[in-house]
Amino acid sequence: MTDPSGITAGAESGGATRTIEAYGLTKSYGKPAVRVLDGIDLQVGRGSVFALLGPNGAGKTTTVRILATLAEADSGTARVAGYDVVAERSAVRRSISLTGQFAAVDETQTGEENLRMMARLTGQPRAAARRRAAELLERFDLTTAARRPVRTYSGGMRRRLDLAAGLVGSPEPGVFFLDEPTTGLDPRSRRELWAVVRELAVRGATVLLTTQYLEEADRLADRIALLNRGRIVADGTAADLKSRVGGHRLDLVLTSDEAYLRLAGRAVHHSPETLTLGLPTDGSAAQVRALLDEIDPAGHEIERFSLHSATLDDVFLDLTSNATPSTPTTSNATPAPAPEAPTHV
Ligand SMILES: Nc1ncnc2c1ncn2[C@@H]1O[C@H](COP(=O)(O)OP(=O)(O)OP(=O)(O)O)[C@@H](O)[C@H]1O
Ligand SMILES: [Mg+2]
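Counting of residues starts from 1 at the beginning of each chain's written sequence and follows it residue by residue. Naming scheme: in the order in which they are written, chains are lettered from A and ligands are numbered from 1. With pLDDT at 70 or above as the cut-off, local features in this predicted model cover only qualifying residues; side-chain atom pairs require 80 or more to be listed or tallied, and sums for whole chains, interfaces and linings still use all residues. The side-chain numbers reported here are obtained from all heavy atoms of the structure, hydrogens and water having been left aside.

K.L.:
I keep staring at the sheet that holds strand 10 (residues 231-236) and nothing clicks. Help me out?
P.N.:
Pairing between sheet strands relies on hydrogen bonds along the backbone, with the strands arranged either parallel or antiparallel. When DSSP finds at least two bridges between two strands, those strands are taken to pair. Going along the chain from the N terminus, every DSSP run of H or I of four or more residues is numbered as a helix, and every run of E of two or more is numbered as a strand. Pairing is mixed across the open sheet formed by six strands, whose spatial order is 6-7-8-3-9-10. Each of the sheet's edge strands pairs with one partner strand only, and the pair in question is strand 6 (96-99) and strand 10. Within this sheet the neighbouring strands show an average axis-to-axis angle of 15°, counted without direction. Pairing geometry for strand 3 (residues 49-53) and strand 9 (residues 223-228), over four bridges, is parallel. The angle between two axes is taken between their N-to-C directions and runs from 0 to 180 degrees, where each axis is a line fitted to C-alpha atoms and a helix contributes only its stretch in contact.

Structure (C-alpha cells):
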C-alpha cells in the first residue's frame, strides 16, 4: 500500500524522515515496582533539535538511556536511525553519540591528545586521526586550548570537547543524545554550546537533548516534549505550547479568599499567598475588558491586574503542577512537590 504522503518511512538514512521513534515505552524500577516511564511516544524528524523538558525525576535520563541502548524498556518499541534499539543494538550504537554526565575524557591529557586517542580507538590510522582531531578542535573553537591539559578547561570548553569526542568516529554519527548539556554552564558558555548544537542540526544531524531550562528549549528546539512523572503531558513547538495558555495571561490580584476560590478553577496560574490568579486570554483589549466585566461585574473583587505574554514557564508550571488545586488557606495535606523553578545562571 502506498503512503499517501509519498514519504517512505524507510530504515535507510536516505529515506527516513523520522530518526527517532518510540511507542509506548514503559519502565519501572525497584521493589515494589515504581513506574518511571508510563507510555512514552516520541517522533523526532531528521535534522531537527528535540528537547525533552521536565522537572527532576520526570524520566528524561531514563528515556535517553533506553533510546541510546543503555537500558531496556519493560514494554514498548523504539527505533533510532532506523534500527530497533533492542534487536539491532550495535547498529544503533554505531549511529549515535551520547553525551551525558559521564567522563570519557582523560583530564590529564590535552584536548588534542584525547581526540587523537579516541580517533585511533575507532580504527583510524595515525595520520587520519591527527587530521580528524585538528578538524574537530577547529570546529569547536578549541584550537588555542588544544595543547593544554583538559583539567585546565572551563566548563564550556569541557562540554565542547565532550561533543567533539562524540564525533571522532568516521562517518560522523547522525543522532546525538545530549543529557542536560548545559547544566552548570555560565550564560556565555551556554550560548556557545547552543550554537554548536544548532550547527549539528544544520549539518543534518538529529539532536535529542534533555533540559530543565525552559529558555533553552524555547531557543534551541524545533519541538519540545514536556515530560512529567513519566508521561508526556505536552508536545509541540514552543509556540504551540505557549498557545495552550492563550498566548497571554491576565494576572488578577483578588481582594478576598472567596473571590480567589470562585475563580481558581479557570486559572492557569495560581499564587494563593498573594491571592493572584492568571487567566488565559488572547491579549486583545476587547477580550480583557469583557473578561474583567464578566468576572467582577460589581468592581469589588479585583484589586489590580497585569497582562503579559505567556511564557514556557506558564506552560511548564501549569502542566507539571502535581498539586491539587491551590487554595489560599493552608491545608495539612502533604502537597506534591512543586516543580522547581528553573534557575538561569
Ligand atoms: N537505576 C535506577 N534504579 C532505581 N530508580 C531509578 C533508576 N534510574 C532512575 N530511577 C528513578 O526514576 C525516576 C526518573 O529518573 P530520571 O533519571 O530518568 O529522571 P530525570 O528526568 O532525568 O531527572 P533529573 O532532572 O534529575 O536528571 C527517578 O525517580 C529516579 O529515582
Ligand atoms: Mg536526568
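K.L.:
For this particular structure, what's the right way to read the confidence of the model for the protein?
P.N.:
In low-pLDDT segments, the atomic positions of the prediction should not be examined closely. With 86% of its residues at a pLDDT of at least 70, the protein reaches an overall mean of 83. One number per residue, pLDDT, summarises how confident the predictor is, and it ranges from 0 to 100. Averaged over each element, pLDDT in the protein is lowest for helix 11 (residues 312-320) (74) and highest for strand 4 (residues 75-80) (97). Within the model, pLDDT remains below 50 along residues 1-15, and this stretch shows eight contacts once partners closer than five positions in the same chain are excluded. Between residues 323-345, whose pLDDT stays under 50, and residues either more than four places distant or in other chains, the model counts 32 contacts. Only heavy atoms matter for contacts: two residues are in contact if any of them lie within 4.5 Å across the pair.

K.L.:
Just to check I follow, could you spell out the packing of aromatic side chains for this structure?
P.N.:
Each aromatic ring pair is described using two quantities: the centre-to-centre distance and the angle formed by the ring planes. Stacked, tilted and edge-to-face pairs are distinguished by plane angle, under 30 degrees for stacked and over 60 for edge-to-face with tilted covering the rest, among Phe, Tyr and Trp rings (Trp via its six-membered ring) whose centres lie within 6.5 Å. Evaluated as defined, the whole model comprises zero aromatic pairs. Whether a charge lies above a ring is judged from NZ of Lys or CZ of Arg, which has to be within 6 Å of the ring centre and within 35 degrees of the ring normal. A cation sits over an aromatic face here: R190 above Y213, 4.0 Å from the ring centre.

K.L.:
Sorry if this is basic, but what is going on with the sheet that holds strand 4 here?
P.N.:
The four strands are arranged 2-1-4-5 in an open sheet whose pairing can be described as antiparallel. The open sheet has two free edges, formed respectively by strand 2 (34-45) and strand 5 (83-84), since each of these has just one partner strand. Of the strand pairs in this sheet, strand 1 (residues 18-29) and strand 4 are connected by five bridges, and their pairing is antiparallel. Following the sheet pairing, I20 is matched in strand 4 by V80.

K.L.:
I tried to follow the site of ligand 1 on my own but got confused; where do I start?
P.N.:
When we say a residue is near a molecule or strand, we mean one of its heavy atoms is within 4 Å of it. Taken together, the neighbourhood of ligand 1 is formed by Y29, V36, P55, N56, G57, A58, G59, K60, T61, T62, E180 and Q212. Between ligand 1 and the protein, one listed contact pairs an oxygen atom with a side-chain N or O atom of K60 at 2.7 Å. Accessible surface area values rest on a Shrake-Rupley calculation with a 1.4 Å probe, where residue burial reflects the displayed protein chains alone. Relative to its unbound accessible surface of 630 Å², ligand 1 loses 57% to contact with the protein. Sorting elements by how many residues they give to the shell around ligand 1 places helix 1 (residues 60-67) first, with three residues. Charged residues are taken to be Asp, Glu, Lys and Arg, nonpolar residues to be Ala, Val, Leu, Ile, Met, Phe, Trp, Tyr, Cys and Pro, and polar residues to be all remaining types, Gly included. Residue composition of the shell around ligand 1, grouped by class: four nonpolar, six polar and two charged. Contacts described as polar in this section are N or O atom pairs within 3.5 Å, which, within protein, must combine one atom able to donate a hydrogen with one able to accept it, while residues neighboring in sequence count only if both atoms come from side chains.

K.L.:
I'm lost on the packing of helix 3 (residues 111-121) against helix 5 (residues 155-165) in this one. Help?
P.N.:
A packed helix pair is summarised by two numbers, namely the angle formed by the two axes and the spacing between the axes. For the pair helix 3 and helix 5, interaxial distance at closest approach is 10 Å and the crossing angle is 20°. Classified by the angle between their axes, helix 3 and helix 5 sit roughly parallel to one another. For the pair helix 3 and helix 5, the sense of crossing is right-handed. The segment helix 3 lies against helix 5, with G111, L115 and M118 engaging L161, A164 and A165. Its residues placed into classes, the contact of helix 3 with helix 5 shows five nonpolar, one polar and no charged. Relative orientations are named as follows: roughly parallel for angles under 35 degrees, roughly antiparallel for angles over 145 degrees, roughly perpendicular for angles from 65 to 115 degrees, and oblique for any other angle. Crossing chirality is assigned from the near helix's rotation relative to the far helix, an anticlockwise turn below a right angle marking it left-handed and a clockwise turn marking it right-handed.

K.L.:
Just to check I follow, could you spell out helix 3 for this structure?
P.N.:
Residues three or four positions apart in an α-helix share a direction because the helix packs 3.6 residues into each turn. Using a 1.4 Å probe on the protein chains alone, a residue whose accessible area is under 20% of its type maximum counts as buried, one over 50% counts as exposed, and one in between counts as partly exposed. What helix 3 keeps buried is the set G111, E112, N114, L115, M118 and A119. The buried residues of helix 3 occupy an angular sector of 165° when the element is viewed end-on, so they sit on one face. Where helix 3 is buried, its residues touch helix 4 (126-139) and helix 5. Following helix 3 by one or two positions, G123 adopts a phi angle in the positive range, close to 95°. Working definition: the arc comes from the directions between the helix axis and the C-beta atoms, pointing outward to the latter.

K.L.:
Explain the pairing of strand 4 here, please?
P.N.:
Walk down a regular strand and you will see the side chains alternate between the two sheet faces. As judged from the two bridges shared by strand 4 and strand 5, these two strands associate in the antiparallel manner. The residue bridging V80 from the neighbouring strand is Y83, located in strand 5.

K.L.:
I'm lost on the nonpolar core in this one. Help?
P.N.:
Within soluble globular proteins, side chains that are nonpolar generally end up buried alongside one another. The biggest cluster of nonpolar side chains holds 48 residues, and the ones touching the most others in it are V49, L115, F140, V197, V207, L209 and I224. For this core, the element with the highest residue contribution is helix 6 (residues 187-202), accounting for six residues. Where each domain starts and ends follows an automatic or database-derived domain assignment. Mapped onto the domain boundaries, this core takes at least three residues apiece from domain 1 (18-236) and domain 2 (247-320). Among all residues touching I224, those that are not within four sequence positions of it are A51, L53, A217, D218, A234, D235, G236, A238, L241 and L312. As used in this record, nonpolar core signifies buried Ala, Val, Leu, Ile, Met, Phe, Trp, Tyr and Cys residues forming a set joined through side-chain atoms within 4.5 Å. If you look at the next biggest cluster of nonpolar residues, it comprises 26 residues, including L25, L42, I66 and L67.

K.L.:
I tried to follow the pattern of salt bridges on my own but got confused; where do I start?
P.N.:
Close approach of charged atoms lets side chains of opposite charge pair. Just to be clear on terms, a salt bridge is a Lys or Arg side-chain nitrogen sitting within 4 Å of an Asp or Glu carboxyl oxygen. Throughout the structure, instances matching the rule amount to 21 salt bridges. Put simply, E199 and R139 hold a salt bridge, and the shortest N to O gap is 3.6 Å. In this pair, E199 is assigned in helix 6 and R139 in helix 4, connecting sequence segments 60 residues apart. With relative accessibility at 31%, the residue E199 sits in the partly exposed group.

K.L.:
When you look at unusual backbone geometry in this model, what are you seeing that I'm missing?
P.N.:
Both trends apply: most residues other than glycine have a negative phi, and most peptide bonds are in trans. For the bond from K31 to P32, the omega torsion is 0°, close enough to zero to count as cis. Topologically, P32 is positioned in the loop between strand 1 and strand 2. A positive phi is found at E180, a non-glycine position, where the angle reads about 45°. If you trace the backbone, E180 turns up in the loop between strand 7 (175-179) and helix 6. You can call E180 buried: its relative accessible area is 13%. Positive phi outside glycine occurs at L275, with the angle close to 55°. In this fold, L275 is placed in the loop between strand 12 (269-271) and strand 13 (276-281).

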